[in-house]
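# Summary of structural features
One-letter residues, chain by chain:
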Amino acid sequence: MKVQLLAAGLALTCSFVAGQTRGQSQTQSQTQTQTQGRGAAPTTGQSNPTPPPAAGAALPAHGKTMEEIVARVNNEIITSVDLARAQLASVDDAKQDCTSRKCTPEQLQQLIAEMQRDALRNLIDQALLVQRAKDMNLSVETDLIKQLDQIRIEHNLASLEDLEKAIAAEGESYDDYKDNMRKHLLMTEVINREVYSRVGESVDQAQIKKYYDEHQNEFQSPEVVYLREILVTTDGKPQTELAALEKKANDLRERVLNGEDFGDLARHFSDGSTAKQGGELGKFERGALNKAIEDQVFKLDRKEMTPVIHAQNGFLIIQVVQRFDAGIQPLEKVLNEVRGRIASKLAEPKLREYLNTLRKDSFVEVHAGYTDTAGVAGESITEINTAAMDQTVSKNPKTPKRHKRFILF
C-alpha cells in the first residue's frame, strides 16, 4: 500500500522539471557560492546522497544521524539526507523512464548516473519554484483535494480520513505526504504560468495539425470517463435516519433529471470531500475503479448518472461528465495535449533560462564538496573556510535577504 500510495501521489502531481531540463546543464559553468550554513531542514520535494548510492541502498534510520547542510536557498536549507533521498528516488525514476524508452542496461546506468548528478540542481530548482509560488500568492488547495480524492477512489477507500489512516499505517506522515504533493502542484503552476503558457501562445494551428498527423499512433487512448459525485453520508448516523438520507439522495438525483446543475447541487448538498469542487473526481480508465461502480459508469454516456448507490459511507450518485472511447483520439479531443507537447519542446531552453533567472535573483549557497550542475555562469565563487563551523542542523537559521526582482523572457 505504501509504495502504491506514494507513487500515485507523485504521478498525479506531475513529474517536475528534471525530465524537461535533463542534459541541458551538464556543460554549464559550475560557478557557485560554496559555504556551510546553519538552519532547519526544509521539505523541498524529493531528496538523496553524494556520492550517488548504489540502487537499493538504505538510508540511515531517521533521527539516528546528524544531517550535514548541503545548500541554502534563501531561508531554506537542503541537507545531506534530502540529497540522499533524491538520488535514491532517481533510480526508480530512471527505471520508469527507461521502461517506455526500452533502454539497454548500459543506457539505464548512464541515465541513473546523469539523474543523480542533477539531484542537487533539481532540489534547488524545486525550492526556488515553491518560493516563487508564494511570491505570486498561488494556491493549489482545490487541485490538492481533487488529487487526494482521486487516490482515495483508486485505492477503494471510503474517505480521506481512511486515506490518512492508510498512509499513517505505513509509517508515513499524512501532513508530509500532502505537503510534498502541494509543492509539486505549486511548481507545476509556476512553470505553466511563467514559461509554458507564454510559449504555448506562439504555437499555431498549422504546427498542431502537422504534429498530430505525424504522431497519430501516440494518441491511442483506452476508454476513459470523467466523473463527479454527490455523497449523502451515513457516517455517525443512527439507523432510524437512513431512510430519510436515502430519500435525500434520490431527491437530489431527481432535481438533476429536472434540469438543475449536478455541480451546483454537489457544492451545496454533497457531504463528500469534493463538494467545494462541484463533486469533480477526475479521469478514470477501466480497472481504476471499484468493480461495482465501474460496471455502472462505463455503461453511461455524457451527463448520465448512476442510480443512488449504497456505498460503505453513504448514498452515492455518480455522473459521467465526459467519456472517450478507446482508439485513436480525434484532433479536437487532444488539441490541448498536442499544443502542450509542442510547447514543452519549445519551452525546454526557456525553462532553464527561467530557473537561472530565479537563481540570480535569490540567495543560493552550496557547501564545498557538493556540485550544483546548474551553476549560473557569471557569478563569482566565494570560498569560505568551514572547518570551524558547526556541521549539524541548527534550529535557528539565519535568514539571508532575498531579492524579489524577476525577469521573464
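Further up the page is the structure itself.
Residues numbered from 1 in each chain as written. Predicted model: local features only at pLDDT ≥ 70, side-chain atom pairs only at ≥ 80, totals over all residues. Heavy atoms only, no water.

## Observations regarding a negative patch on the surface
Together, Glu161, Glu164, Asp175, Asp176 and Asp235 make up a negatively charged patch on the protein surface. Those elements that place two or more of their residues in the negative patch are α7 (160–169) and α8 (174–200). In this structure, aspartate 176 sits in helix α8. (Patch = residues over 30% accessible without salt bridge, like charges linked within 9 Å, V, L, I, M, F, W, Y side chains within 5 Å. Areas by Shrake-Rupley, 256 points an atom, 1.4 Å probe, with all protein chains shown as cover. Salt bridge = Lys/Arg side-chain N within 4 Å of Asp/Glu carboxyl O. Lys, Arg positive; Asp, Glu negative; His and termini not counted. Charge placed at Lys NZ, Arg CZ, Asp CG, Glu CD. Helix = DSSP H or I, 4+ residues; strand = E, 2+ residues; numbered from the N terminus.)

## Some details on the nonpolar core
In terms of nonpolar packing, the biggest core is built from 54 residues, with Leu120, Ile124, Leu129, Leu148, Leu163 and Val338 touching the most fellow members. The leading source of residues in this core is α8, at 11 residues. (Core = buried A, V, L, I, M, F, W, Y, C linked by side-chain atoms within 4.5 Å. Buried < 20%, exposed > 50% of the residue type's maximum accessible area, 1.4 Å probe, protein only.)

## Notes on the state of the cysteines
A full pass over the atoms with the stated rule returns one disulfide. Note that cysteine 98 is cross-linked by a disulfide to cysteine 103, the S-S spacing being 2.2 Å. An S-S torsion of about -85 degrees defines the bridge between cysteine 98 and cysteine 103 as left-handed. (Disulfide = S-S within 2.5 Å.)

## Digging into the sheet that holds strand β7 (residues 314–324)
What the four strands build is an open sheet, ordered β5-β4-β7-β6; its pairing is antiparallel. Among the strands making up the open sheet, the edge pair consists of β5 (280–285) and β6 (309–311). On average, each strand axis in the sheet is tilted by 40 degrees relative to the strand beside it, whichever way the strands run. As paired elements, strand β4 (residues 224–233) and β7 share 10 bridges and run antiparallel to each other. Bridged to leucine 231 within β7 is leucine 316. Relative to the sheet, helix α10 (residues 242–257) contacts β4, β6 and β7, its axis offset from that of β7 by approximately 25 degrees. Strand contacts of helix α11 (residues 262–269): β4 and β7, with the helix running at about 35 degrees to β4, the strand carrying the most contacts. (Pairing = 2+ DSSP bridges. Axes fitted to C-alpha atoms, helices over the stretch in contact; angles between N-to-C directions. Contact = heavy atoms within 4.5 Å.)

## Overview of the pairing of strand β2 (residues 76–79)
The alternating pattern of β2 places Glu76 and Ile78 on one face and Ile77 and Thr79 on the opposite face, and all of these are buried. Pairing geometry for strand β1 (residues 69–73) and β2, over four bridges, is antiparallel. Bridging across to β2, isoleucine 69 finds its partner in threonine 79. Linking β1 to β2, which pair antiparallel, is a turn of two residues; within it asparagine 74 sits at a positive phi near 55 degrees.

## Some details on the pattern of salt bridges
Two side chains that carry opposite charge are able to pair once their charged atoms sit near each other. The full count for this structure, using the stated rule, is 23 salt bridges. Residues arginine 359 and aspartate 125 are paired through a salt bridge, measuring 3.1 Å at the closest nitrogen-oxygen approach. Separated by 234 residues along the polypeptide, arginine 359 in helix α13 (residues 331–360) and aspartate 125 in helix α5 (residues 119–135) bring together distant segments of the chain. Judged by its relative accessible area of 0%, aspartate 125 is buried. Between arginine 323 and glutamate 223 there is a salt bridge, with its nearest N and O atoms 2.3 Å apart. Of the two residues, arginine 323 sits in strand β7 while glutamate 223 sits in the loop between β3 (220–221) and β4, which places them 100 residues apart along the sequence. Residues participating in the shared-partner salt-bridge network are Asp125, Arg352, Arg359 and Asp372.

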